[in-house]
Amino acid sequence: AITYRWHGHYEGDPERYRDREELDRWKARDPLVVHAARLRSAGIGDEVIAALEASVAAELDAAVVEARALPG
């Protein structure tokens, strides 16, 4: 898979090594952004998309809590 690092190498990184146009090009290709646009064009409302995003975020948060509780 080819992915893009949205944030700098460290907290507070000024990211002088890339410009706004590069970020805009990658954001336009982001699978989550592209899929949300497809859902909207199919008539799915923003409230449904937001609910899906919230559901996924909650599931991921729960998985992190479970993983951190594992012995090790």
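Everything below is about the structure shown above.
What you see is a predicted model; the values in this text were computed from it and never measured. (Residues numbered from 1 in each chain as written. Predicted model: local features only at pLDDT ≥ 70, side-chain atom pairs only at ≥ 80, totals over all residues. Heavy atoms only, no water.)

S.K.: Give me a nonpolar patch on the surface: which residues, what numbers.
M.R.: On the surface, Ile 44, Val 48 and Leu 52 cluster together to form a nonpolar patch covering roughly 230 Å² of accessible area. Within the fold, Val 48 resides in helix H3 (residues 46-69). Its relative accessible area of 41% is what places Val 48 among the partly exposed residues. (Patch = residues over 30% accessible without salt bridge, like charges linked within 9 Å, V, L, I, M, F, W, Y side chains within 5 Å. Areas by Shrake-Rupley, 256 points an atom, 1.4 Å probe, with all protein chains shown as cover. Salt bridge = Lys/Arg side-chain N within 4 Å of Asp/Glu carboxyl O. Helix = DSSP H or I, 4+ residues; strand = E, 2+ residues; numbered from the N terminus. Buried < 20%, exposed > 50% of the residue type's maximum accessible area, 1.4 Å probe, protein only.)

S.K.: Help me get a handle on the packing of aromatic side chains, residues and values and all.
M.R.: Counting across every chain of the model gives two aromatic pairs. Ring centres 5.1 Å apart and planes at 70° place the aromatic pair Tyr 4 and Trp 6 in the edge-to-face group. Among the residues examined, Tyr 4 registers a relative accessible area of 12% and is labelled buried. Aromatic pair Tyr 4 and Trp 26: ring centres 4.8 Å apart, planes at 20°, arrangement stacked. Residue Tyr 4 is found in the segment before helix H1 (20-29), and its partner Trp 26 is found in helix H1; the two are separated by 22 residues along the sequence. In this structure an aromatic cluster arises from ring pairing among Tyr 4, Trp 6 and Trp 26. Taking the ring centre of Trp 26 as reference, the NZ or CZ of Arg 29 above it sits at 4.4 Å. (Phe/Tyr/Trp six-rings, centres within 6.5 Å; stacked < 30°, edge-to-face > 60°. Lys NZ or Arg CZ within 6 Å of the ring centre and 35° of its normal.)

S.K.: Could you give an account of the environment of Pro 14, with specific residues and numbers?
M.R.: Mapping Pro 14 onto the fold places it in the segment before H1. By relative accessible area, Pro 14 is classed as partly exposed at 42%. Sequence spacing of Pro 14 and Ala 69 is 55 residues, and the spatial spacing of their C-alpha atoms is 35 Å.

S.K.: Describe the pattern of salt bridges, with residues and values.
M.R.: Taken as a whole and assessed by the stated rule, the structure comprises three salt bridges. When the shortest N-O distance is used, the salt bridge between Asp 24 and Arg 20 registers 3.6 Å. Taken together, the positions of Asp 24 and Arg 20, both in helix H1 and four residues apart, correspond to about one turn of that helix.

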